[in-house]
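This is what each chain is made of:
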Amino acid sequence: MIKGVYFDLDGIYFNRGMEDFIVWLSETYFIPKHTVEAVFKRSKEAHDYKAGVIPSHSFYDYANKIFGFQIPEREYVLEMAAKFSLNQAAYELSVRLKKAGIKTLLCANIFEDLLVYLNHSYRLLENFDVKIFSFNVHVLKPDILMYEALLEESKLAANQILYVDDDNKSCINARKLGFISHCSDQVEVIERLLHQENIVY
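Here the residue index of a chain counts from 1 through its sequence in written order. Confidence filtering applies because this is a predicted model: local features only for residues at pLDDT of at least 70, side-chain atom pairs given and counted only at 80 or more, and all residues used for totals across whole chains, interfaces and linings. As a rule here, side-chain values cover all heavy atoms of the structure and leave hydrogens and water aside.

Undergrad: Hey, could you go over the side chain of E37 for me, with residue numbers and the actual values?
TA: Helical segments are the DSSP runs of H or I of at least four residues, strand segments are the runs of E of at least two, and each set is numbered from the N terminus. The topology assignment puts E37 in helix α2 (residues 33-42). No salt bridge is formed by the buried E37; its nearest oppositely charged neighbour, K33, is found at 4.1 Å. The contact rule is simple, with two residues in contact once any of their heavy atoms fall within 4.5 Å. If sequence neighbours within four positions are ignored, E37 has contacts with E19, I22 and R42. Burial classes: relative accessible area under 20% of the type maximum marks a residue as buried, over 50% as exposed, and values in between as partly exposed (1.4 Å probe, protein chains only). For the purpose of charge, His is not counted, nor are the chain termini; Lys and Arg are scored as positive and Asp and Glu as negative. Should a side-chain nitrogen of Lys or Arg be within 4 Å of a carboxyl oxygen of Asp or Glu, the pair is scored as a salt bridge.

Undergrad: Please give an account of the pattern of salt bridges that cites residues and values.
TA: Counting across every chain of the model gives 9 salt bridges. Here R16 ties to D185 by a salt bridge, and the two come within 2.9 Å at their closest N and O atoms. On the criterion of sequence distance, the pair formed by R16 in the loop between β1 (4-7) and α1 (17-29) and D185 in the loop between β5 (180-183) and α11 (187-196) is long-range, its members being 169 residues apart. The partner of K98 in a salt bridge is D129, and the shortest N-O contact between them spans 3.6 Å. Residue K98 is found in helix α6 (residues 88-99), and its partner D129 is found in the loop between α7 (112-122) and β3 (130-133); the two are separated by 31 residues along the sequence.

Undergrad: Explain the pairing of β5 to me, and be specific about the residues and the numbers.
TA: Pairing between two strands requires that DSSP report at least two bridges joining them. Bridge analysis of strand β4 (residues 161-165) against β5 gives 4 bridges, and the strand direction is parallel. Within the sheet, the bridge partner assigned to Y163 lies in β5 and is S181. With strands facing away from the observer, any crossover in which the path from the first strand over the helix to the second runs clockwise is taken as right-handed. For the handedness criterion, the β-α-β arrangement of β4, helix α10 (residues 168-176) and β5 is classed as right-handed.

Undergrad: Which residues make up the nonpolar core, and what values go with them?
TA: Ranked by size, the top nonpolar core spans 52 residues in total, and within it F7, L25, F40 and F111 carry the most contacts. Residue contributions to this core peak at 6 residues, all from α1. Beyond its immediate chain neighbours, meaning those up to four positions away, F40 contacts M18, F21, L25, A46, K50, F59, Y60, F67, Y76, M80 and F111. Take the buried Ala, Val, Leu, Ile, Met, Phe, Trp, Tyr and Cys residues and link them wherever side-chain atoms come within 4.5 Å; each set so joined is a nonpolar core. Counting residues in hydrophobic clusters, the runner-up holds 18 residues, among them Y6, L105, Y147 and F179.

Undergrad: Pulling in residues and values, what's your account of the packing of α1 against α2?
TA: Axis angles are defined between N-to-C directions and span 0 to 180 degrees, where every axis is a line fitted to C-alpha atoms and, for a helix, only to the segment in contact. Where α1 contacts α2, the two axes come as close as 9 Å, and the packing angle between them is 130°. The angle between α1 and α2 falls in the class oblique. Two packed elements cross with a definite hand, and for α1 against α2 that hand is right-handed. Every residue of α2 that contacts α1 at M18, E19, F21, I22, V23, L25 and S26 is listed here: K33, V36, E37, F40 and K41. Along the lines of polarity and charge, the residues of the contact of α1 with α2 split into 7 nonpolar, 1 polar and 4 charged. For this classification, under 35 degrees means roughly parallel, over 145 means roughly antiparallel, 65 to 115 means roughly perpendicular, and everything else is oblique. By convention the crossing between two helices is left-handed if the near helix lies anticlockwise of the far one by an angle smaller than a right angle, and right-handed if it lies clockwise. Classification used: nonpolar for Ala, Val, Leu, Ile, Met, Phe, Trp, Tyr, Cys and Pro, charged for Asp, Glu, Lys and Arg, polar for all others including Gly.

Undergrad: For the environment of L97, give the residues involved together with the corresponding values.
TA: In this structure, L97 sits in helix α6. A residue is classified by how much of its surface remains accessible, and L97, at 0% relative accessible area, is buried. The residues touching L97, leaving out its near neighbours within four places in the chain, are V5, F7, I102, T104, L194 and Y201.

These values are about where atoms sit, not about what they do.
Structure below.
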C-alpha cells in the first residue's frame, strides 16, 4: 500500500523553472544557450555546488568567468527563483495527501541559495513531511544514496513510496531499490496511479 508520494521539484511541483532561467540568462546577456546549459546543468562546479562541496560564490565566480560578465550572485539567484512558478495542481494534490495521512516527500538536486528563496516565497519546507536535498547528502540523484536517505528519513519501505519523475535515470535507480517508479512530468499520472492502488485522499 502506498504511504508516501514523492514530488519532483523542478518538473512537477514547479513548472521547469531552471529551463526558463537558462533561456532568460541566454537572451538577456546574449550568451549561447548551450553555454548556459553547460555551466548550470553539466559542469563539475554546478554538480559540486548542488552537492554542498563548494560554496555559492565559487560556483557563481566560475559562471562569470565562463560568461565573461560580472553578474552579481544575488541577481543570479533572484532571477532563478523568479522563474519557478508553482504547479497549482501538484500543490493541491500534496495538501490533500497530507490531510489523508499520506506522507509527502521531496528528494531534490538543488542549489542551496535557490531553496532559501523558494522556501521564502512558497513556504516549501512546510508543505512536505520529508525533505532530502543534495547539498545535505553530498551526492546528486540518480545516486542511490539519495534514495536510501529518503527511505531512512521517511521510515517507509521502498514499495510504499510512489516515485514519479521526469528523469529516466532517476526512475530506474529508484525502481532498483523497490520504489513504485514511473517516468513522467504529469500530476495526472500520480493521481491515476494512486487511484489504481485504491488510495483515497
